[in-house]
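# Structural overview
Each chain is listed here by its residues.
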Amino acid sequence: MDIKKRAAAGTMESSDAYVEIEPASQGVSLELESVVLNQFGEQIRQTVLSVLAQEGVENAKVRIIDRGALECVIRARVEAAVCRGREEA
Amino acid sequence: MSKVVNSIREAVRLAGLKDGMTVSFHHHLRNGDYVLNMVMEEIAALGIRDLCVNASSLFDVHLPLTEHIRNGVVTNLISDYISGGIGRVLSTGILPNPIQFRTHGGRPFDISTGKTPIDVAFIAAPTADPMGNCSGKYGPSACGSLGYAFADAMYAKKVVVITDNLVPYPMQDFSISENYVDYVVTVDAIGNPKGIVSGTTKITRDPVGLVMAANAAKVIQASGLLKDGFSFQTGAGGATLAAAKFLKDIMLKEGIQGSFGLGGITGYMVDMLRSGCFRSLMDVQCFDLKAVESIREDPRHQEISALQYASPGSKSAVVDSLDVVLLGATEIDTDFNVNVHTDSNGYIMGGSGGHSDTSAGAKLSMIIAPMFRARLPIVTDRVSCISTPGRDIDVLVTQGGIAVNPKNGELTQRLKAAGLPIVDIQELKEKTERLTGKPAPVPKGDQVVAQVIGRNGDLLDQIYKPL
């Protein structure tokens, strides 16, 4: 099921991540801003893509502002944004 | 005779400042300092170039200095600490020569030996008299101790005192005496009191910080050093202050009277003095209003020079009599080397200050730091910059366990016997990375932007321009 509306989850606090998701028509696009881009940029991308795949999201525009969140936090924030975007939460 | 001159510009001219010379500044006015910028503006206007600035610390208020660097007025920089905003600009390599980082003890030592001679020292003085006797304890811009300025005053070829509170000769209770001073200049304000001293730093309420603080206090208690005559230095961070609070509780409960508290002094150390935890405070710099008031009013609270505080060349320095120091770190490696100079991307955001001096002197030097900050593990294979060598660090306290430098076999046994959670530093690193993931290494550039010179003059490390 695809994203129906623009939705967001998380905060800009240190050690958290703010995730925005919105409908798209041609695949997944990911925009990432992170205070630990050099150290964890690739790992964060992989985390986000794996959550989207697990949720069956094939088309979406995702924007993440990461403030040094642990992987479990990023997963939770992306899942919450997806649920809200599908009007499930 | 009169030493009072009409303007900073006249003082600079009279002092004979010329191209290629060295000027110096002290940092007790911290991020409220006006003096460095005022002086450098006059120097630039006089067309003097190619100067070395030896400043005990630089703060973001000193960002205009970067323009003087770009314009060739300043080509060399010596400092003990450079805060993150100006540090970021300096990290891009705008200086033609690498910054020379020294320590709060190494700087005055090198000034006293002539290794880093000063041609003209500018002393920001919250109160002075017309002959140059001066003090930081009084006046609208009071900052307390003038500890870092003593070596500059004693050894510079020319000394200019700049004040916004000129009082009749002779002022009472001066710190730096007239025999060192050539010129006195009055200005409207030497600094902004809001930036000079902070309000009271709050003790952390963060549960992670409190766990670390409680463990740190227990380490001190179990170390065998906490007895009558105990001496102590701590930083002004929320977690180290919390550790001081726990320590105070233990000292009061057990009726232990320490000999002295050392350092940069906060209101919290003043509380410990007043409640009987120490007989004395030895103060090279005041961090807050309560400390300024105390050094002015309480004879047990004593001003010390940086030479007496930490110089490796003094016949003795107070750090040599220090039992325990609590310090922070941005990174620590599995050999216990500590970085307090650069951030996770390699930009300058600090400096040793007294970190490596107190670590070298203290019987027990402890680092308090969380296992990770914003996903970045505190323990690495190799710190990106060695600020304090691992041989001088004894213990790392985190919320995930306490790592003891393997050189301290006896301490390890004591802490284990006290039931403290001792962990091998390599295991702590792996435990942390299971939570954070393993960070990719950050590549360094080729250009050396700073040299980190240890307190004994050895080159500890070099800082490279981030890519």
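See above for the structure.
In this report, we go over the structure that sits alongside the text. Keep in mind it's a predicted model, so treat the numbers as computed, not measured. (Residues numbered from 1 in each chain as written. Chains lettered and ligands numbered in written order. Predicted model: local features only at pLDDT ≥ 70, side-chain atom pairs only at ≥ 80, totals over all residues. Heavy atoms only, no water.)

Below, the discussion takes up the overall build of chain A. Of regular secondary structure, chain A possesses 2 helices and 4 strands. Dimensions of chain A, computed from the C-alpha atoms along their principal axes, are close to 30 × 25 × 15 Å. Residues counted as buried form 39% of the 89 residues belonging to chain A. Carbon and sulfur atoms form 46% of the exposed surface of chain A, whose accessible area is close to 4400 Å². Across chain A, 11 positive and 15 negative side-chain charges occur, with their mean positions spaced 3 Å apart. (Helix = DSSP H or I, 4+ residues; strand = E, 2+ residues; numbered from the N terminus. Buried < 20%, exposed > 50% of the residue type's maximum accessible area, 1.4 Å probe, protein only. Areas by Shrake-Rupley, 256 points an atom, 1.4 Å probe, with all protein chains shown as cover. Lys, Arg positive; Asp, Glu negative; His and termini not counted. Charge placed at Lys NZ, Arg CZ, Asp CG, Glu CD.)

Another point: the layout of surface pockets. All names here are of chain B. Counted as a void, the largest pocket has a volume near 1100 Å³. Lining of the largest pocket is provided by 46 residues; of these, Y81, G235, A236, G237 and G328 occupy positions nearest its centre. Every element with two or more residues in the lining of the largest pocket is listed here: α8 (207–222), β11 (231–234), α9 (238–254), β15 (324–327) and β19 (372–373). Here the lining of the largest pocket is built from residues that sort into 18 nonpolar, 25 polar and 3 charged. (1 Å grid on protein atoms, 1.4 Å probe; cavity = no way out; pocket = protein on both sides within 12 Å on 5 of 7 lines; lining within 4 Å. Points joined across faces, edges and corners; volume = space filled by probe spheres on them. Nonpolar A, V, L, I, M, F, W, Y, C, P; charged D, E, K, R; others polar.)

The next subject is a nonpolar patch on the surface. A contiguous nonpolar patch, built from B:M154, B:Y155 and B:Y180 and spanning about 250 Å² of accessible area, is present on the exposed surface. In this structure B:Y180 comes out as partly exposed when scored by relative accessible area, which is 30%. (Patch = residues over 30% accessible without salt bridge, like charges linked within 9 Å, V, L, I, M, F, W, Y side chains within 5 Å. Salt bridge = Lys/Arg side-chain N within 4 Å of Asp/Glu carboxyl O.)

This part covers the environment of B:K202. One can find B:K202 in the loop between α7 (193–196) and α8. In this structure, the C-alpha to C-alpha distance between B:K202 and B:N456, residues 254 residues apart in sequence, is 35 Å.

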